[in-house]
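# Residue-level structure breakdown
Below are the chains, spelled out letter by letter.
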Amino acid sequence: MSAVLEKPMSMTLRVLDEEGRVVNRDLMPKLTDQQLRNLMRKMVFTRVWDGRAVKLTRQGRLGFYAPVAGQEASMIGSEAATERDDFLLPSYRDIPQAVWHGWPMYQAFLYSRGHQHGGQFPKDVHVLMPQIIIGAQIVQAAGVALGFKLRGEDRVAFTYIGDGGTSQGDFYEGINFAGAYQAPAVFIIQNNQFAISVPVRLQTAADSLAKKADAAGVPNVQVDGMDVLAVYAATRQAVDRARAGGGPSVIETITFRYGPHTMSGDDPMRYRTKDMEAEWKEKDPLVRFRKYLEGLSLWSVEDEERVVEEANTAVKDALEQADRYPAMTVSALIDTMFETLPADLLAQREQFAGEGK
Amino acid sequence: MAQMTMIQAVTNALDLELGRDESVLLFGEDVGQSGGVFRATDGLQKKYGDQRVFDTPLAESGIGGLATGLAIQGFRPVMEIQFFGFVFETFDEIAGQAARMRFRSGERYTCPITYRAPFGGGVKTPEMHADSLEGLLLQTPGLKVVIPSNPYDAKGLLIASIRDNDPVFFLEHMKLYRSMRQEVPEEWYSIELGRANVVRPGKDLTVVAYGAMVHTATKAADEWAKTRGIEAEVIDLRTISPFDIETIVASVKKTHRAIVLQEAQKSAGAAAEIVAQINEHAIYHLEGPVLRVTAPDTVYPFGLIEDEWLPTPGRVQAAFDAAMKS
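Residues numbered from 1 in each chain as written. Chains lettered and ligands numbered in written order. Predicted model: local features only at pLDDT ≥ 70, side-chain atom pairs only at ≥ 80, totals over all residues. Heavy atoms only, no water.

In this assembly, 41 residues from chain B lie in contact with 41 residues from chain A. A combined buried area of about 3,400 Å² lies between chain B and chain A, and 59% of that area is made up of carbon and sulfur atoms. Counting the surface chain B buries against chain A, the share from its top three residues, B:Gln73, B:Phe103 and B:Arg108, is 21%. For the pair chain B and chain A, the interface holds 19 residue pairs in polar contact (both at pLDDT 80 or more). Those elements giving two or more residues to the side of chain B that touches chain A turn out to be strand 3 (53-55), helix 3 (60-72) and helix 4 (91-104) of chain B. (Contact = heavy atoms within 4.5 Å. Buried area = accessible area lost by both parts, 1.4 Å probe. Polar contact = N/O pair within 3.5 Å; in protein donor to acceptor, adjacent residues only side chain to side chain. Helix = DSSP H or I, 4+ residues; strand = E, 2+ residues; numbered from the N terminus.)

Structure below.
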């Protein structure tokens with residue numbers, strides 16, 4: 001027998017197939033009708049809002065924006081499995097999770113525009129500013145989770161990274177630290193197939209990104225990221241185990257972003273084909289879940305129309321609120337560098353006091 | 001009062017802070033069971049338990065991330081980077097994350113982290129252990145940088161660093177760890193960050209230094225007073241970001257001449273900034289250019305030649321000469 005074994009096959013868990021048929025009853029999460037409807041509501045809402053955000057970005061009414069369509073099941077199914085007191089460390093695309101976790105939408109819009117108030121989360125919203133540096137949220141999540149453990153709080157830290165992000169050293173360091181301290185953390189890899197333009201096969205020889213956690217001794221699973229029930233079920237188990245003192249988990253969701261990397265000039269046609277996009281749209285998370293709910297008479301055209309209306313109104317209101325928010329000044333920004341400003345910075349503040357005129 | 005080395009003063013400061021504030025946590029590579037490679041944390045895990053003082057996996061960025069995550073959850077982390085040369089591995093967590101946290105969140109989150117690291121030349125370490133990289137930290141908005149020159153200051157400044165509600169980088173010069181003892185009160189006290197100390201008064205020449213260079217400067221000044229009757233005033237900065245320009249300017253107005261000493265390479269570091277600020281605030285009081293005595297602009301050399309590479313007494317004397325001629 002060879003001492004070096006062949007790679008084991010990884011398996012992707014799912015509850016619903018593309019047609020919305022239940023293929024795995026064992027994994028079916030225990031959700032009330034209302035909870036099921038709410039998952040659909042959030043996905044439809046997010047799809048509408050994402051479409052609006054893309055347009056608003058093109059009009060110059062939003063700033064930095066990374067489209068999310070295609071990833072709704074992955075994002076919403078996982079966030080829905082957490083509690084309000086759990087702490088979210090999002091990456092830059094994870095705006096929906098942050099908003100569903102309590103971040104007021106107008107502040108998310110201000111963040112997109114580059115306004116400091118975007119990151120001034122209300123005290124009862126347990127979210128960190130979206131991370132720009134790939135992997136930094138993973139090592140920080142280990143710290144937040146260790147803090148919960150040291151204080152004996154039954155809270156969980158949860159965080160997101162992309163497929164490319166799992167190549168970063170911080171990814172390994174963070175999951176390894178969480179494993180070493182058995183800290184209550186859940187790490188969700190959203191494998192949307194491309195890190196901007198570079199496909200997963202160029203990132204790694206691993207056939208599963210979740211399996212990378214094996215090396216750190218952290219339990220892991222790969223789920224169909226277009227299946228909101230599978231994502232919810234896996235995250236719920238991971239969150240419950242973390243909360244009960246069972247340590248961290250890594251979940252890989254297999255998903256796809258329909259749009260470009262960000263609205264800042266990326267052209268997906270340089271690295272993927274129309275056929276590939278069409279293939280993934282066949283797996284659409286909303287279509288699949290809608291079919292499932294319709295089969296149970298839990299979703300109707302009227303429901304859909306109501307949510308579309310709700311989302312459009314929410315975006316409009318948030319935009320107006322963002323527009324009304326006072327402009328920043330450099331001197332006010334200087335005030336937030338330190339608790340007490342040193343003399344030289346105070347002098348610089350004076351120089352900027354008459355700014356913008 | 002007890003006689004303490006700098007390493008004992010550091011341990012004493014950490015002990016007092018762990019004792020008075022439950023949110024203070026101490027962690028890093030080998031700081032728990034073993035008490036640190038220099039024994040700075042000796043006995044502290046035994047005294048406060050492994051929930052307060054603990055070892056980390058061997059990964060500096062992970063340690064930095066741990067500190068950031070704990071800080072935003074209300075802890076007051078004191079993390080050790082085993083040697084300052086390893087800071088590159090965790091530079092994002094310091095400069096990219098913790099130092100920006102207050103600003104990015106509009107003060108919703110803060111990072112009252114103290115980063116401790118040994119550094120400094122003259123003890124024949126392997127590569128990447130002795131480098132004076134403090135210039136990199138000075139270019140990091142949101143971060144304070146402290147470098148004590150003696151045991152008494154080390155204790156008071158470390159306590160002030162831990163108390164500070166913003167991230168502070170606390171650098172401990174390895175050559176000073178055990179080379180001198182000093183009277184250090186055993187009770188709690190702190191020394192305000194950002195305040196320099198005039199360690200040797202004089203009227204003829206201002207010498208600005210920090211860390212081990214304070215002792216090089218003082219020795220040279222004593223020598224000069226004896227042989228030439230020229231009195232140099234030596235200023236120990238103690239905090240190099242923000243540094244105490246007021247004390248420097250007051251001295252320059254009296255002496256009209258200044259030199260700056262640093263172990264680090266010449267270009268774009270602490271000395272360069274000090275010279276620039278002297279020019280901004282006191283150029284009309286100067287009789288001549290402000291000179292720098294520094295290492296040359298090379299990477300930190302191999303151990304066998306470091307004593308020649310670092311500012312030598314001879315080069316300090318030459319700078320004194322040059323300054324007095326102007």
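What follows concerns the pairing of strand 7 (residues 220-224) of chain A. All names here are of chain A. When you tally the buried positions in strand 7, you get 4 out of 5 residues, the bulk of the element. In terms of strand pairing, strand 1 (residues 12-13) meets strand 7 through 2 bridges, oriented parallel. Across the sheet, threonine 12 pairs through a bridge with glutamine 222, a residue of strand 7. In the sheet, strand 7 pairs with strand 8 (residues 249-254) via 5 bridges, with the strands oriented parallel. Counterpart to aspartate 224 in the pairing with strand 8 is isoleucine 254. (Buried < 20%, exposed > 50% of the residue type's maximum accessible area, 1.4 Å probe, protein only. Pairing = 2+ DSSP bridges.)

Residue and element names in this part refer to chain B. Relative to each other, helix 7 (residues 213-228) and helix 11 (residues 313-325) sit at 60 degrees, their axes nearing to 10 Å. Between helix 7 and helix 11, the interaxial angle falls into the category oblique. The chirality of how helix 7 crosses helix 11 is right-handed. Contact residues: helix 7 offers Thr216, Ala217, Ala220, Ala221, Glu223, Trp224 and Arg228, while helix 11 offers Val316, Gln317, Phe320, Asp321 and Met324. (Axes fitted to C-alpha atoms, helices over the stretch in contact; angles between N-to-C directions. Parallel < 35°, antiparallel > 145°, perpendicular 65-115°, else oblique. Left-handed = near helix turned anticlockwise from the far one by under 90°.)

Moving on, we get to the sheet that holds strand 6 (residues 144-146) of chain B. All names here are of chain B. Spatially, the 7 strands line up as an open sheet ordered 3-2-4-5-7-6-12, and their pairing is mixed. Each having just a single partner strand, strand 3 and strand 12 (239-241) make up the two edges of the open sheet. Each adjacent strand pair in this sheet contributes to an overall mean axis angle of 20 degrees, direction not counted. Bridge count between strand 6 and strand 12: 2 bridges; the pairing is antiparallel. Among the inter-strand pairings, valine 146 is bridged to a residue of strand 12, identified as threonine 239.

Tracing the chain through its elements places A:Thr159 in strand 3 (residues 157-162). Separated by 2.7 Å, the side chain of A:Thr159 and the backbone oxygen of A:Leu89 make a polar contact.

Right, let's talk about the environment of B:Asp21 for a bit. Residues and elements named next belong to chain B. Note that aspartate 21 resides in the loop between helix 1 (6-20) and strand 2 (24-28). The class for aspartate 21 is buried, based on a relative accessible area of 16%. Considered as a pair, aspartate 21 and arginine 163 are 142 residues apart in the sequence and their alpha carbons are 9.7 Å apart. Side chain to side chain, aspartate 21 and serine 23 meet in a polar contact 2.8 Å long. Within polar-contact distance, the side chain of aspartate 21 engages the side chain of arginine 163 at 2.8 Å.

Ordered in space as 1-7-8-4-3-2 (chain A), the 6 strands form an open sheet in which the pairing is parallel. The open sheet has two edge strands, strand 1 and strand 2 (87-89) of chain A, and neither has a second partner.

Summarising the model, chain B shows a mean pLDDT of 97, and 100% of its residues fall at 70 or more. Interface confidence for the predicted complex, given as ipTM, is 0.96, next to a pTM of 0.96. (pLDDT = per-residue confidence, 0-100.)

We now examine the packing of aromatic side chains. Each pair of aromatic rings is reported with the distance of its centres and the angle of its planes. Under the definition given, this model contains 26 aromatic pairs over all chains. Ring geometry for A:Phe121 versus B:Tyr109: centroids 6.5 Å apart, planes at 50 degrees, classification tilted. Taken together, the residues A:Phe121 in the loop between helix 4 (105-113) and helix 5 (136-151) and B:Tyr109 in the loop between helix 4 and strand 5 (114-119) connect one chain to another. Each of the two residues, A:Phe121 as well as B:Tyr109, counts as buried. For the ring pair B:Phe84 and B:Phe169, a centre distance of 5.2 Å and an interplane angle of 55 degrees mean the geometry is tilted. Taken as a pair, B:Phe84 in the loop between strand 4 (76-80) and helix 4 and B:Phe169 in strand 7 (residues 168-173) lie far apart in primary sequence, 85 residues in all. The class of B:Phe84 is buried, set by a relative accessible area of 0%. Every member of this aromatic cluster is reached through a ring pair, and the members are A:Phe87, A:Trp103, A:Tyr111, A:Phe121 and B:Tyr109. If you follow A:Arg151 out to its NZ or CZ, it ends over the ring of B:Phe75, 4.1 Å from the centre. If you follow B:Arg228 out to its NZ or CZ, it ends over the ring of B:Trp224, 4.5 Å from the centre. (Phe/Tyr/Trp six-rings, centres within 6.5 Å; stacked < 30°, edge-to-face > 60°. Lys NZ or Arg CZ within 6 Å of the ring centre and 35° of its normal.)

All right, on to unusual backbone geometry then. Residues and elements named next belong to chain B. Serine 241 connects to proline 242 through a cis peptide bond whose omega is -5 degrees. The residue proline 242 is located in the loop between strand 12 and helix 8 (245-255) in this model. With a phi close to 65 degrees, methionine 128 is a non-glycine residue in the positive phi region. If you trace the backbone, methionine 128 turns up in the loop between strand 5 and helix 5 (134-138). Assessed through its relative accessible area of 38%, methionine 128 is described here as partly exposed. For histidine 256, which is not a glycine, the phi torsion comes out positive at approximately 65 degrees. Position of histidine 256 relative to the elements: it lies in the loop between helix 8 and strand 13 (258-265).

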